[in-house]
Amino acid sequence: MRLVDAHNHLGYWSPDGTQSVGELLLEAEKRGLHGVGISDHYDPDCEMSDGSPWTFDPKAYMEAFYSKRRMPSKRQEGDPPGFLVGIELGWMPEVSDVLHNIVREYPFDFSIVSLHYFRSYDPFTHAEHIYTSKLHKVYTEVIHAIADSAQDMKEANIVAHFDFFSRYAPQRDSKMHYEHAPEAFDRLFKIMMENNQALEINVGTVNSLMKRKDYALKDAMPDEKILDRYIELGGDLFTICSDAHHVEQNGLHMNETLQYLESLGITEFVWFEERELKRPL
Ligand SMILES: [Zn+2]
Ligand SMILES: [Zn+2]
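Residues numbered from 1 in each chain as written. Chains lettered and ligands numbered in written order. Predicted model: local features only at pLDDT ≥ 70, side-chain atom pairs only at ≥ 80, totals over all residues. Heavy atoms only, no water.

(A) Representation of the overall build of the protein in the model. A count of helices and strands for the protein gives nine helices and ten strands. For the protein, the C-alpha radius of gyration of 17 Å lies close to 19 Å, the compact-globule estimate for 281 residues. Based on the C-alpha atoms only, the size of the protein along its principal axes is roughly 50 × 45 × 35 Å. Going through the 281 residues of the protein one by one, you find that 56% of them count as buried. Sequence separation of at least 24 residues holds for 76% of the intrachain contacts in the protein that already meet a minimum separation of 6. About 12,300 Å² of surface is accessible on the protein, with carbon and sulfur atoms providing 49% of the total. Between the averaged position of the 28 positive side-chain charges in the protein and that of its 47 negative side-chain charges there is a distance of 2 Å. (Helix = DSSP H or I, 4+ residues; strand = E, 2+ residues; numbered from the N terminus. Rg over C-alpha atoms; globule rule 2.2 N^0.38 Å. Buried < 20%, exposed > 50% of the residue type's maximum accessible area, 1.4 Å probe, protein only. Contact = heavy atoms within 4.5 Å. Areas by Shrake-Rupley, 256 points an atom, 1.4 Å probe, with all protein chains shown as cover. Lys, Arg positive; Asp, Glu negative; His and termini not counted. Charge placed at Lys NZ, Arg CZ, Asp CG, Glu CD.)

Below you can see the structure in the form of structure tokens.
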């Protein structure tokens, strides 16, 4: 299978990352990937508890990595995996202009739109301000906010981790299901289809549910009904990523997740290079 794992973070460029680009590329090679991508955090208005910003200097990023790019679509037998330069945009309505500008001004291969904050709170540090009602209500609002982000950031290629907020809910059984927010999911998927945005399967959520909530691996997999509904509405752009911040997270539980997706008929994973959609065949 030609797989491009495009959503990963690096030390220095993301405040919560530790791996180096050399480590990431070595892991990609060991895993037999067709390509790998970096997409460091760009969350204006957010900061770590120590005050360090969730942004990086895009000019310096381009200087560091642009010349190292290798297009997966041009890869020949025996070549190392492709290498793409992307960005993970932390969307909030207030920073929309900043995000539009950065994508316009710098030649990222792809951009990923992510909702990390809700009601201006970080679910990791301020869960009490987010999970204030039953899960179906919170998840409905969250998925609508992700739909807003996809609609606003039309130029973004990938909609990240729809299930991110299930990682930090106080409930033990916090996995996100289609039934939690059917109308919101339908709205999100329709917007994504209009914009040709890919649906990301984030194996980081699988790992987080296992680690934080004690889910068994098979129970931590993304809800079948969410994926079925996306396909039913006409969606066929899937991506899968490690969202690795540390070297040991590369490919963690990826093979089991791929097997699970295959059982649902999901076998093709797309990527974007120079902002163009690429399919593996
Ligand atoms: Zn993210
Ligand atoms: Zn990420």
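There is more to say after this.
(B) Here's a closer look at the coordination of the zinc ion (ligand 1). The coordination sphere of the zinc ion (ligand 1), as far as protein atoms go, consists of Glu88 (OE), His116 (NE2) and His161 (NE2), spread over 2.1 Å. Of note, the zinc ion (ligand 1) draws all its donor residues from one chain, in the sequence arrangement E-x27-H-x44-H. The distance between the zinc ion (ligand 1) and the zinc ion (ligand 2) is 3.4 Å, with glutamate 88 acting as a donor to both metals. Pair noted here: histidine 116 is in the loop between strand S5 (110-114) and helix H4 (127-130) and histidine 161 is in the loop between strand S6 (158-159) and helix H6 (182-195), with a separation of 45 residues, a long-range link. In this structure, histidine 116 and histidine 161 share a single accessibility class: buried. (Donors = N, O, S within 2.8 Å, 3.2 Å for Na, K, Ca; no water.)

(C) Highlighting helix H1 (residues 21-30). Of the positions making up H1, those classed as buried are Val21, Leu24, Glu27 and Ala28. For H1, the arc enclosing every buried residue in end-on projection is 125 degrees, short of the 170-degree limit, so these residues lie on one face. Buried residues along H1 sit in contact with strand S2 (35-47), helix H2 (58-65) and strand S4 (82-90). Phi turns positive, to about 70 degrees, at glycine 32, one or two residues after H1. (Arc of directions from axis to C-beta.)

(D) A look at the packing of aromatic side chains. The tally for this structure, following the rule as stated, stands at 18 aromatic pairs. Arranged with centres 5.6 Å apart and planes meeting at 85 degrees, the rings of tyrosine 42 and phenylalanine 56 form a pair that is edge-to-face. Residue tyrosine 42 is found in strand S2, and its partner phenylalanine 56 is found in the loop between strand S3 (53-54) and H2; the two are separated by 14 residues along the sequence. Phenylalanine 56 matches tyrosine 42 in its accessibility class, with the two residues each being buried. Connected via pairs of aromatic rings, a cluster forms that spans Tyr12, Trp13, Tyr42, Phe56, Tyr61, Phe65, Phe83 and Phe108. Its guanidinium or amino end placed over the ring of tyrosine 66, arginine 69 lies 4.1 Å from that ring's centre, counting from NZ or CZ. One Lys or Arg, arginine 172, reaches over the ring of tyrosine 215 and ends 4.7 Å from the middle of that ring. (Phe/Tyr/Trp six-rings, centres within 6.5 Å; stacked < 30°, edge-to-face > 60°. Lys NZ or Arg CZ within 6 Å of the ring centre and 35° of its normal.)

(E) Structural context of the coordination of the zinc ion (ligand 2). Coordination sphere of the zinc ion (ligand 2), protein contribution only: His7 (NE2), His9 (NE2), Glu88 (OE) and Asp243 (OD), at 2.1 to 2.4 Å. Classification of the site at the zinc ion (ligand 2) rests on its four donor atoms, whose angles at the metal span 82 to 167 degrees, yielding the label irregular. (Tetrahedral: all angles 85-135°; square planar, octahedral: opposite > 155°, others 65-115°.)

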